[in-house]
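An overview of the molecular structure
What follows is the residue order along each chain.
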Amino acid sequence: MKKPKWVVEKEQAKKAARAETVWLFGLHAVRDALVNPRREKLRLIVTPNAQAKLAEAIAEAGMEPELADPRKFTAPIDPASVHQGAALEVKPLDWGQLVDVCIGETSNPRVLLLDRVTDPHNVGAILRSAEVLGASAVIAPRHHSAPETGALAKTASGALERQPYLRVRNLADAIVELKNMGYLTLGLDGEGEVTLEEALEGHRDRPVALVLGAEGPGLRERTRETVDRLVRIDAAGGFGSLNVSNAAAIALYASQRG
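What comes next is a walk through the structure.

About the cut-offs
- Residues numbered from 1 in each chain as written.
- Predicted model: local features only at pLDDT ≥ 70, side-chain atom pairs only at ≥ 80, totals over all residues.
- Heavy atoms only, no water.
- Helix = DSSP H or I, 4+ residues; strand = E, 2+ residues; numbered from the N terminus.
- Buried < 20%, exposed > 50% of the residue type's maximum accessible area, 1.4 Å probe, protein only.
- Contact = heavy atoms within 4.5 Å.
- Areas by Shrake-Rupley, 256 points an atom, 1.4 Å probe, with all protein chains shown as cover.
- Salt bridge = Lys/Arg side-chain N within 4 Å of Asp/Glu carboxyl O.
- Pairing = 2+ DSSP bridges.
- Axes fitted to C-alpha atoms, helices over the stretch in contact; angles between N-to-C directions.
- Core = buried A, V, L, I, M, F, W, Y, C linked by side-chain atoms within 4.5 Å.
- Phe/Tyr/Trp six-rings, centres within 6.5 Å; stacked < 30°, edge-to-face > 60°.
- Lys NZ or Arg CZ within 6 Å of the ring centre and 35° of its normal.
- Polar contact = N/O pair within 3.5 Å; in protein donor to acceptor, adjacent residues only side chain to side chain.
- Parallel < 35°, antiparallel > 145°, perpendicular 65-115°, else oblique.
- Left-handed = near helix turned anticlockwise from the far one by under 90°.

1. Let's talk about the overall build of the protein
Looking only at helices and strands, one finds eleven helices and eleven strands in the protein. Across the 258 residues in the protein, those meeting the buried criterion constitute 48%. Of the contacts formed within the protein by residues at least 6 apart in sequence, a portion of 78% connects residues at least 24 apart. In the structure as shown, the protein presents an accessible area of about 13,600 Å², 50% of it carried by carbon and sulfur atoms.

If you want it as structure tokens, here you go:
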């Protein structure tokens, strides 16, 4: 019996995911990946200078690096990348299911959901803020979002190794799942009827999910309809807008339990 098309496509997607690898670059990103026991490491290319700087991490990872001439760096990455003489091929991290990271030991979990935020530099900066400000996870759809890349990892400055970054099939379904876990779901929108602080009033004891859209398009209609409330971050003078990574940092800070 011939398999249905959707079954074949699902199997092909799983096979492609198993074969997928990522090249990380830059001293911070490579060092943190080397010492991360969750990270499957495949191939390390370094210049002699980078090898000396990463000596402890290389020893901890138990890897045998390939030495490269600094004038002809052989790693298959964009030649314009600021690699600092270090590149590491790895498998993408697997953080498990939504429930695995969104229900934890913290009494006031907060998560960020990104609706079509595709710029790896923005996502890297968001991961960094999420780690510093204690978010439980950053969640994005599998399609129309930034995948793990060297550029994302370098901007995250090591946060990619420690801050859960989940890619889900459907963002609206993830919002509903978070609601069922008890999360208050708030979509950030310049036209939100209340401020973030007003929406949190009386709910500081609840877990909070903050949903941010891409700069320009903002939140999709289905996302807007699915969240509990649309909220805004007031700007001085009532005008202006924030970069999505700055908005994420401000929202995380403002949603901390007082």
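Still more ground to cover, so stick around.
2. With respect to the pattern of salt bridges
Under the definition given, this model contains 14 salt bridges. Between Asp69 and Arg71 there is a salt bridge, with its nearest N and O atoms 3.1 Å apart. Owing to a relative accessible area of 34%, Asp69 belongs among the partly exposed residues under this scheme. Residue classification places Arg71 among the exposed positions, given a relative accessible area of 77%. In this structure, the salt-bridge partner of Asp115 is Arg220, at a minimum N-O distance of 2.7 Å.

3. Some details on the sheet that holds strand S6 (residues 137–141)
Taken in spatial order, the seven strands of this open sheet run S7-S6-S5-S10-S8-S11-S9, and their pairing is parallel. Where the open sheet ends on each side, the last strands, each with one partner, are strand S7 (165–168) and strand S9 (194–195). Across the sheet, helix H11 (residues 244–254) lies against strand S5 (110–115), strand S8 (184–188) and strand S10 (208–213), angled at about 165° from S10, the strand it touches most.

4. Section: unusual backbone geometry
Although it is not a glycine, His144 adopts a positive phi angle of roughly 60°. Secondary-structure assignment places His144 in the loop between S6 and helix H7 (150–156). For His144, a relative accessible area of 57% translates into the label exposed. In this model, Ser157 sits at a positive phi of 50°, which is unusual for a non-glycine residue.

5. Topic: the nonpolar core
By size, the foremost hydrophobic cluster in this structure holds 52 residues, and its most contacted members are Leu112, Leu127, Tyr165, Leu186 and Leu210. Sequence-distant contacts of Leu186, that is, excluding residues within four places in its chain, are made with Leu196, Ala199, Leu200, Val208, Ala209, Leu210, Val211, Val227, Arg229 and Val231. With 21 residues, the next largest nonpolar core counts Val101, Leu113, Ile175 and Tyr183 among its residues.

6. Let's talk about the packing of aromatic side chains
Applying the stated rule across the entire model yields zero aromatic pairs. The ring of Trp95 has Arg38 sitting right over it, with the charged end atom 4.2 Å from the ring centre.

7. Notes on the side chain of Arg39
Within the element layout of this structure, Arg39 appears in the loop between helix H2 (27–34) and strand S2 (41–46). There is a polar contact of 2.8 Å between the side chain of Arg39 and the side chain of Glu161. Among residues more than four places away in sequence, those in contact with Arg39 are Leu24, Ala33, Val90, Lys91, Pro92, Leu93, Glu148, Leu160 and Glu161.

8. A closer look at the sheet that holds strand S3 (residues 66–67)
Picture the strands of a sheet paired through backbone hydrogen bonds; they go either parallel or antiparallel. With mixed pairing, the four strands of this open sheet are ordered in space as S1-S4-S2-S3. Single-partner strands in this sheet number two, and they are strand S1 (22–25) and S3. Summarising the sheet, S2 and S3 pair through two bridges and their orientation is parallel. Bridge pairing in S3 links Ile45 to Glu66. Those strands touched by H2 are S1, S2 and strand S4 (86–90), and its axis lies near 40° from that of S4.

9. Structural notes on the packing of helix H6 (residues 120–132) against H11
Contact geometry for H6 and H11: axes closest at 8 Å, N-to-C directions at 15°. Viewed along their axes, H6 and H11 adopt a mutual orientation that is roughly parallel. Every pair of crossing elements has a handedness; the one defined by H6 and H11 is right-handed. On H11, the residues touching Asn122, Ala125, Ile126, Ser129 and Ala130 of H6 are Val244, Ser245, Ala248, Ala249 and Leu252.

As far as function goes, none of this settles anything; it's purely spatial.
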